[in-house]
Every structure is written in C-alpha cells, then in structure tokens.
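Residues per chain, in single letters:
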Amino acid sequence: MYATIWSDSTKNEKKKRWAEIKKTTVDKGPPNGPDLKILATTAKLAQGGIVELLTFDSDFILFADEILSQFGISIKNGWLLK
C-alpha cells in the first residue's frame, strides 16, 4: 500500500508532510519495518469487519484514508484524545 502511495503524484502533499514529521526526505520513504507488521496483523483482524487502531504513529495517521480504503482499518489518532 505504501509503495502505491509513493508512486502516486496526487499524494505528494501527504508524502511531504510525512517527511517533515519524520525529519527526512520523501525519497527515504515509504514507511517500513515494524509498522508493516502492525498493519498486516490488524488487516488480518479486519477481515471480519472494520477494526479500529488507536495510534500515535504518523505513518498510520497521515495515511488513515488509504488504510481504511485498502484494509478496513479505521485509524484513531491518539493525539486527539482529551
């Protein structure tokens, strides 16, 4: 999914925001490592219906729309909790 986002020029603003938050450059993306394992595990759970994932991770928060569309995972931004 992230590879598709990185090849999509309509997502350039999201990618730039990601790079700003990560203090890196867009060409250092897409996200990888443990985030992909978390996403894969949650996607498996979402096969039975939409699953909510509470997170403080910008890799998930910035791409919440794409994650919901692709995997049925509703990303909940932990920074917005009151």
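Data block above holds the structure.
All chains use their own residue numbering, which begins from 1 and follows the written sequence. Residue-level local features of this predicted model are given only where pLDDT is at least 70; pairs of side-chain atoms are given and counted only at 80 or more, and the full residue set underlies all totals for whole chains, interfaces and linings. To obtain the side-chain values, all non-hydrogen atoms of the structure were used and water was disregarded.

Enquirer: Would you mind going over the side chain of K15 in detail, with residue names and values included?
Expert: Here a strand is any run of E in DSSP of at least two residues, a helix any run of H or I of at least four, and the numbering for each starts at the N terminus. Checked against the element boundaries, K15 lands in helix α2 (residues 12-22). Among buried Asp, Glu, Lys and Arg side chains, K15 stands out as unpaired, with D8 the closest opposite charge at 6.4 Å. There is a polar contact of 3.1 Å between the side chain of K15 and the backbone oxygen of W6. Side-chain polar atoms of K15 contact the backbone oxygen of D8, separated by 3.1 Å. Residues count as neighbours in contact if any of their non-hydrogen atoms are within 4.5 Å of one another. Residues in contact with K15, not counting those within four places in the same chain, are I5, W6, D8 and V26. For each residue, the accessible area found with a 1.4 Å probe, counting protein chains only, is set against the maximum for its type, and the residue is called buried under 20%, exposed over 50%, and partly exposed in between. Neither His nor the chain termini are counted; the positive set is Lys and Arg, and the negative set is Asp and Glu. By convention in these notes, a salt bridge is any Lys or Arg side-chain nitrogen within 4 Å of a carboxyl oxygen on Asp or Glu. In protein, a polar contact means a hydrogen-donor-capable atom and an acceptor-capable atom, both N or O and within 3.5 Å, with residues adjacent in sequence counting only if both atoms are side-chain atoms; elsewhere, any N or O pair within 3.5 Å suffices.

Enquirer: So what's going on with helix α3 (residues 34-45)? Residues and values would help.
Expert: The span one expects for a helix is its residue count, reduced by one, times 1.5 Å. Taking 1.5 Å as the rise per residue, α3 with 12 residues should run 16 Å; its terminal C-alpha atoms sit 17 Å apart, in good agreement. Along α3, the positions that sit buried rather than exposed are D35, L39, T42 and A43. Looking down the long axis of α3, one finds its buried residues gathered within 105° of arc, a one-sided arrangement. Turned more than 90 degrees away from the buried face of α3, the exposed residues are P34, K37, K44 and L45. In this description, one arc is meant: the one made by directions from the helix axis to the C-beta atoms.

Enquirer: Break down a nonpolar patch on the surface for me, citing the residues and quoting the values.
Expert: Patch construction takes residues with relative accessible area above 30% that form no salt bridge. Like charges are linked within 9 Å, and nonpolar side chains (Val, Leu, Ile, Met, Phe, Trp, Tyr) are linked within 5 Å. A 1.4 Å probe and the Shrake-Rupley method give the accessible areas. Residues count as covered only by the protein chains that appear here. On the surface, a nonpolar cluster with roughly 500 Å² of combined accessible area is contributed by L54, F56, W79 and L81. Along the chain, the position of L81 falls in the segment after β2 (73-77). A residue is classified by how much of its surface remains accessible, and L81, at 55% relative accessible area, is exposed.

Enquirer: For the nonpolar core, give the residues involved together with the corresponding values.
Expert: General note: in soluble globular proteins, nonpolar side chains tend to be found buried as a group. Residues grouped as a nonpolar core are buried Ala, Val, Leu, Ile, Met, Phe, Trp, Tyr and Cys residues, joined through side-chain atoms within 4.5 Å. Among the nonpolar cores identified, the biggest contains 17 residues, and Y2, F60, F63, I67, I73 and I75 are the most heavily contacted of them. Setting aside residues no more than four positions away along its own chain, Y2 makes contact with P30, P31, L36, L39, D59, F60, F63 and I67.

Enquirer: Residues and numbers for the packing of aromatic side chains, please.
Expert: Each Phe, Tyr or Trp ring (for Trp, its six-membered ring) is paired with any other whose centre lies within 6.5 Å, and the angle between the two planes then decides the class: stacked below 30 degrees, edge-to-face above 60, tilted in between. By the definition in use, this model includes 4 aromatic pairs. Seen from their ring centres, Y2 and F63 are 5.7 Å apart, and the 75° between their planes marks the pair as edge-to-face. Of this pair, Y2 sits in helix α1 (residues 2-6) while F63 sits in the loop between α4 (58-61) and α5 (64-71); the two residues are 61 residues apart in sequence, bridging distant segments of the chain. The class of F63 is buried, set by a relative accessible area of 0%. Grouping aromatic residues by their ring pairs yields a cluster made of Y2, W6, W18 and F63.

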